[in-house]
Amino acid sequence: MILSGKEIKKKLGKEIHIAPFNEAQLNPNSYNLRLHQELLVYENQVLDMKEPNPYRRIQIPEEGLVLQPGELYLGRTIETTRADCYVPMLEGRSSVGRLGIFIHITAGLGHVGANGYWTLEIACIKPVRIYAGVEICQIYFSELQGAYTAYNSKKYHNNNGVQPSLMYTEFAPKVEHS
Ligand SMILES: O=c1ccn([C@H]2C[C@H](O)[C@@H](COP(=O)(O)OP(=O)(O)OP(=O)(O)O)O2)c(=O)[nH]1
């Protein structure tokens, strides 16, 4: 069961935390989240799952930034969220999708109890100008059946900003052979 906007509002400060919260961003069954100005772009053409991939940080200027197809931009929401007892899920907005913009790549599911900013994996079909502060995506909350274990990942939980993939931490450290 997906929570209605009215239910999301009722649970704020209890099982659901959205900060900052603005009632104008509440939808019938979701809440719109805004795009922060900072983006992270990988520097190498070929990415490696097993290694930390170097990246640079860029800021979306006042006049906006034209995204290019074929590039991956990691962004984040302005808001932090946390939901205890509910499964948070991220979805695009139709108006954004109609401009050919993806806001996540196959990873829209959040963990119950996860706290922090949402990292957005942004890509586009056509060159498109984007602006910081826009309501870029929406979060919705689903009921969870059954007992659950506390989310305790060292990767993305309680993050302080945009994070690159930490997939490489799942691989065993390299053994040096002499
Ligand atoms: O587009 C997304 C999807 C998820 N998350 C956050 C919320 C979620 O709780 C956390 C971990 O997501 P997931 O479980 O999909 O990633 P993982 O690589 O399996 O990480 P972990 O090992 O911490 O579960 O990242 C994002 O910031 N952006």
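Calculation notes
- Residues numbered from 1 in each chain as written.
- Predicted model: local features only at pLDDT ≥ 70, side-chain atom pairs only at ≥ 80, totals over all residues.
- Heavy atoms only, no water.
- 1 Å grid on protein atoms, 1.4 Å probe; cavity = no way out; pocket = protein on both sides within 12 Å on 5 of 7 lines; lining within 4 Å.
- Points joined across faces, edges and corners; volume = space filled by probe spheres on them.
- Helix = DSSP H or I, 4+ residues; strand = E, 2+ residues; numbered from the N terminus.
- Buried < 20%, exposed > 50% of the residue type's maximum accessible area, 1.4 Å probe, protein only.
- Contact = heavy atoms within 4.5 Å.
- Polar contact = N/O pair within 3.5 Å; in protein donor to acceptor, adjacent residues only side chain to side chain.
- UniProt positions renumbered as here; feature names shortened; annotations may be inferred.

All right, on to the layout of surface pockets then. Taken as a whole, the largest pocket encloses approximately 910 Å³ of empty space. In terms of lining, the largest pocket is formed by 35 residues, of which the most central are Ala107, Thr119, Glu121, Tyr156 and Gln163. Residue assignment for the lining of the largest pocket shows that the elements contributing at least two residues are strand E6 (73–83), strand E7 (86–92) and strand E9 (115–124). Broken down by element, the lining of the largest pocket gets its largest block of residues, 6 residues, from E9.

Topologically, Arg93 is positioned in the loop between E7 and helix H2 (94–97). Since its relative accessible area comes to 25%, Arg93 is described here as partly exposed. Along the backbone, Arg93 and Pro127 are 34 residues apart, and their C-alpha atoms lie at a distance of 18 Å. In contact with Arg93, other than residues within four places in its own chain, are Asn32, Glu135, Ile136, Cys137 and Gln138. A polar atom in the side chain of Arg93 sits 2.7 Å from the backbone oxygen of Glu135.

Next up on the list: unusual backbone geometry. Peptide bonds are, in most cases, trans, and in most cases residues other than glycine have a negative phi. The step from Ala19 to Pro20 runs through a cis peptide bond, and the omega angle for that step is -5 degrees. Unlike most non-glycine residues, Cys85 shows phi in positive territory, near 80 degrees. Its identity as a non-glycine residue notwithstanding, Asn158 has a phi of 55 degrees, on the positive side. Summarising the element assignment, Asn158 is placed in the segment after strand E11 (135–143).

All right, on to the UniProt feature "binding site: dCTP" (unreviewed entry) in the chain then. The sites that carry the UniProt feature "binding site: dCTP" (unreviewed entry) are, in the present numbering, Arg93, Ser94, Ser95, Val96, Gly97, Arg98, Thr119, Leu120, Glu121, Gln138, Tyr151 and Lys155. The named residues occupy 63 residues along the chain; their greatest pairwise C-alpha distance, 34.3 Å, places them well apart from one another. Of the annotated set, the members that line the largest pocket are Thr119, Glu121 and Tyr151. With respect to the element layout, Val96 can be found in helix H2. For Val96, a relative accessible area of 10% puts it in the buried group. In this structure, Val96 is in contact with Ile101, Ile103, Glu135 and Ile136, ignoring residues within four places of it in sequence.

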